[in-house]
Amino acid sequence: MAVINPKIEESWRINLKTEFDSPYFSKLKEFLVSEKLAGRKVYPAGNKIFSAFDHTPFHKVRVVLLGQDPYHGPGQAHGLCFSVPDGIKPPPSLMNMFKELRDDLAIPIPATGNLEKWANQGVLLLNATLTVRADQAGSHQARGWEEFTDAVIRKLSTDKAHLVFLLWGKYAQAKEPLIDSGRHYILTASHPSPFSADRGFFGCRHFSKTNEIMRNLGLPEIDWRL
């Protein structure tokens, strides 16, 4: 089996070594190489696949926000769930997140959809699948990424305490059994997508509730402004 040496932040490399050494991860790597050899465009760029981990080292994680797939349009995905780079128009789900943030904490809707500032404060912006074929939503599902990111959630649940998990929508909420609710805080709501935001995302106040938990733990609040 080929040695896998992903370019990922060192604390995560140590904590996830078992995953990188596993046969499923080798097969995942082979699949991604085959996509490249076939000339298929894959998002995000290779050096951005592990951006969520690079911006939020294992020992700094305080909040975990779970997404599903990277954006599959040009220029959108950069390795952080829901986030887009500076200069890219925020997609509808992200705009709904900003509307809730405005209504919850009176933070004006920002000019950027880049959530790196959240990630740098300990908000792990984790998609379940870390790559996608251009213009084909879900095209890299069931290739091994979900096994990897499930292991990430279990590792955080087991080795850390007092994290806040934000589970928006049925897909994210299906990950709840991986989380020890006796050690962590789990906040659930509908997905911020325009198809479901009116069914429980708007008004969930998860941003202020997260900061209330941080205050009660004696930890700095998340500055949600961008």
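Calculation notes
Residues numbered from 1 in each chain as written. Predicted model: local features only at pLDDT ≥ 70, side-chain atom pairs only at ≥ 80, totals over all residues. Heavy atoms only, no water. Axes fitted to C-alpha atoms, helices over the stretch in contact; angles between N-to-C directions. Helix = DSSP H or I, 4+ residues; strand = E, 2+ residues; numbered from the N terminus. Parallel < 35°, antiparallel > 145°, perpendicular 65-115°, else oblique. Contact = heavy atoms within 4.5 Å. Nonpolar A, V, L, I, M, F, W, Y, C, P; charged D, E, K, R; others polar. Pairing = 2+ DSSP bridges. Polar contact = N/O pair within 3.5 Å; in protein donor to acceptor, adjacent residues only side chain to side chain. Buried < 20%, exposed > 50% of the residue type's maximum accessible area, 1.4 Å probe, protein only. Salt bridge = Lys/Arg side-chain N within 4 Å of Asp/Glu carboxyl O. Core = buried A, V, L, I, M, F, W, Y, C linked by side-chain atoms within 4.5 Å. Left-handed = near helix turned anticlockwise from the far one by under 90°.

**Observations concerning the packing of helix H5 (residues 92-105) against helix H9 (residues 206-216)**
Piece 1. Close contact between H5 and H9 brings their axes to 8 Å; oriented N to C, the two are set at 60°. It follows that H5 is oblique to H9 by the angle criterion. Only His-206, Phe-207, Ser-208 and Asn-211 of H9 make contact with H5, whose side of the interface consists of Met-97, Glu-100, Leu-101, Asp-104 and Leu-105.
Piece 2. In terms of residue class, the contact of H5 with H9 is built from four nonpolar, three polar and two charged.

**Regarding the sheet that holds strand S3 (residues 123-127)**
Piece 1. Taken together, four strands build an open sheet; the order of strands is S3-S2-S5-S6 and the sheet is parallel. Looking at strand neighbours, the two that pair on one side only are S3 and strand S6 (185-189), the edges of this open sheet. Across the sheet, the mean angle separating the axes of adjacent strands is 20° when strand polarity is ignored.
Piece 2. Bridge count between strand S5 (residues 164-168) and S6: five bridges; the pairing is parallel. Of the residues in S6, the one forming a bridge with Phe-165 is Ile-186.

**Quick look at the environment of Glu-100**
Piece 1. Mapped onto the elements of the fold, Glu-100 is located in helix H5.
Piece 2. Expressed as a C-alpha distance, the spacing of Glu-100 and Gly-203, which sit 103 residues apart in the sequence, is 6.8 Å.
Piece 3. A polar contact of 2.7 Å, which involves the side chain of Glu-100, links it to the backbone nitrogen of Gly-203.

**Regarding the side chain of Ser-11**
Piece 1. Relative to the helices and strands, Ser-11 is located in helix H1 (residues 10-15).
Piece 2. On the accessibility criterion, Ser-11 (13% relative accessible area) is buried.
Piece 3. A polar contact is formed between the side chain of Ser-11 and the side chain of Glu-9, at a distance of 2.4 Å.
Piece 4. Every residue in contact with Ser-11, bar those within four places of it in the chain, is listed here: Pro-57, Phe-58 and His-59.

**Some points on unusual backbone geometry**
Piece 1. A cis amide bond links Tyr-43 to the next residue, Pro-44, at an omega of -10°.
Piece 2. Tracing the backbone through its elements, the reader meets Pro-44 in the loop between strand S1 (42-43) and helix H4 (51-55).
Piece 3. A positive phi angle, close to 60°, is found at Arg-205, a residue other than glycine.
Piece 4. Inspection of the secondary structure puts Arg-205 in the loop between S6 and H9.

**Section: the pattern of salt bridges**
Piece 1. For the structure on display, the rule yields eleven salt bridges.
Piece 2. Taking the shortest distance from any N to any O, the salt bridge between Lys-117 and Asp-223 comes out at 3.5 Å. Of this pair, Lys-117 sits in helix H6 (residues 116-119) while Asp-223 sits in the segment after H9, and the two are 106 residues apart along the sequence.
Piece 3. Judged by its relative accessible area of 35%, Lys-117 is partly exposed.
Piece 4. Salt bridges sharing partners connect three or more residues here, namely Glu-35, Arg-40 and Arg-133.

**Notes on the nonpolar core**
Piece 1. Formed by 62 residues in total, the largest nonpolar core has its most connected members in Trp-12, Phe-53, Phe-148 and Leu-156.
Piece 2. Excluding its chain neighbours within four sequence positions, the residues that come into contact with Leu-156 are Trp-12, Phe-58, Val-61, Val-64, Leu-124, Leu-163, Phe-165 and His-184.

**What about the packing of helix H3 (residues 23-37) against helix H7 (residues 145-159)?**
Piece 1. Direction vectors running N to C along H3 and H7 enclose 130°, while the axes themselves pass 9 Å from each other. Taken together, the axis directions place H3 and H7 in an arrangement best described as oblique. By crossing handedness, the relation of H3 to H7 is classed as left-handed. Between H3, through Tyr-24, Phe-25, Leu-28 and Leu-32, and H7, the contact on the second element is made entirely by Trp-145, Glu-147 and Phe-148.

**What about the environment of Trp-118?**
Piece 1. Within the element layout of this structure, Trp-118 appears in helix H6.
Piece 2. Given a relative accessible area of 0%, Trp-118 falls into the buried group.
Piece 3. Separated by 81 residues in sequence, Trp-118 and Arg-199 have C-alpha atoms that sit 25 Å apart.
Piece 4. The residues touching Trp-118, leaving out its near neighbours within four places in the chain, are Met-97, Leu-101, Val-123, Phe-207, Asp-223, Trp-224 and Leu-226.

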